[in-house]
Amino acid sequence: QVQLVESGGGLVQPGGSLRLSCAASGFTLDYYDIGWFRQAPGKEREGVSCISSSDGSTYYADSVKGRFTISRDSAKNTVYLQMNSLKPEDTAVYYCATDRPSSLYCSGEASAYDIWGQGTQVTVSS
């Protein structure tokens, strides 16, 4: 069974932090580019961050640069998204996904990704 499971979401106040986890079962994440995406009600799904399997290069959306960090733990077959200085506009369902690499760079476009998790809710509110 091939599966991705996100966890770590919740309710936090503005300025707080959360760490999201993306755990893989049935395959090895090291061989894939991994992307984090988010979708808020009434808005399109947008790319947040990704990490390349080829050279470890990363992508961050302008809205989260300097606040979010993506990382990979090969021993646990898990990718993380550390989110600091959270803002109300970060409120969304967050998804992780995998992409078979086609270049040295990971893609920030949802259409490039094949396997998706079920999502985890992040709510930032005072």
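Look above for the structure.
Keep in mind that what you see is a predicted model, and the values were worked out from it rather than measured. (Residues numbered from 1 in each chain as written. Predicted model: local features only at pLDDT ≥ 70, side-chain atom pairs only at ≥ 80, totals over all residues. Heavy atoms only, no water.)

### Some points on the sheet that holds strand 3 (residues 18–25)
Two pairing modes exist for strands in a sheet, parallel and antiparallel, and in both the strands are linked by backbone hydrogen bonds. If you trace the four strands from one edge of the open sheet to the other, you get 1-3-8-7, paired in antiparallel fashion. For this open sheet the edge positions go to strand 1 (3–7) and strand 7 (68–73), each flanked by a neighbour on one side alone. Shown here is a sheet whose adjacent strand axes are inclined to one another by a mean of 15 degrees, direction ignored. Looking at chain direction, strand 1 and strand 3 are connected through five bridges and run antiparallel. For Val 5, the partnering residue across the bridge sits in strand 3 and is Ala 23. (Pairing = 2+ DSSP bridges. Helix = DSSP H or I, 4+ residues; strand = E, 2+ residues; numbered from the N terminus. Axes fitted to C-alpha atoms, helices over the stretch in contact; angles between N-to-C directions.)

### What about the side chain of Thr 78?
If you trace the backbone, Thr 78 turns up in strand 8 (residues 78–83). Separated by 2.8 Å, the side chain of Thr 78 and the backbone oxygen of Lys 76 make a polar contact. Aside from chain neighbours lying at most four places away, what touches Thr 78 is Ser 21, Cys 22, Ala 23, Leu 29, Ser 71, Arg 72 and Asp 73. (Polar contact = N/O pair within 3.5 Å; in protein donor to acceptor, adjacent residues only side chain to side chain. Contact = heavy atoms within 4.5 Å.)

### A closer look at unusual backbone geometry
In this model, Asn 77 sits at a positive phi of 55 degrees, which is unusual for a non-glycine residue. Tracing the backbone through its elements, the reader meets Asn 77 in the loop between strand 7 and strand 8. Residue Ser 85 is not a glycine yet carries a positive backbone phi of 50 degrees. Note on Ser 85: relative accessible area 41%, which makes it partly exposed. (Buried < 20%, exposed > 50% of the residue type's maximum accessible area, 1.4 Å probe, protein only.)

### Considerations on the packing of aromatic side chains
The final tally for this structure, using the stated rule, is five aromatic pairs. Ring centres 5.1 Å apart and planes at 45 degrees place the aromatic pair Phe 37 and Trp 116 in the tilted group. With Phe 37 in strand 4 (residues 33–39) and Trp 116 in strand 10 (residues 115–116), the pair connects residues that are 79 residues apart, well separated along the chain. Phe 37 sits in the buried class, given a relative accessible area of 1%. On the basis of an interplanar angle of 70 degrees and a centroid distance of 6.4 Å, the ring pair of Tyr 113 and Trp 116 is categorised as edge-to-face. Note on Trp 116: relative accessible area 26%, which makes it partly exposed. Through successive ring pairs, a cluster of aromatic residues spans Phe 37, Tyr 95, Tyr 113 and Trp 116. (Phe/Tyr/Trp six-rings, centres within 6.5 Å; stacked < 30°, edge-to-face > 60°.)

### Concerning the nonpolar core
Within the largest apolar cluster, 27 residues are counted, with the highest numbers of intra-cluster contacts made by Trp 36, Phe 68, Leu 81, Met 83 and Tyr 94. Among the elements that line this core, the one with the most residues is strand 3, at four residues. Contacts of Met 83, omitting those with residues within four sequence positions, involve Gly 16, Ser 17, Leu 18, Leu 20, Arg 67, Phe 68, Tyr 94 and Val 122. Phe 37, Ala 97, Cys 106 and Tyr 113 belong to the second largest nonpolar core, which has five residues in total. (Core = buried A, V, L, I, M, F, W, Y, C linked by side-chain atoms within 4.5 Å.)

No statement about biological role is implied by the geometric values presented.
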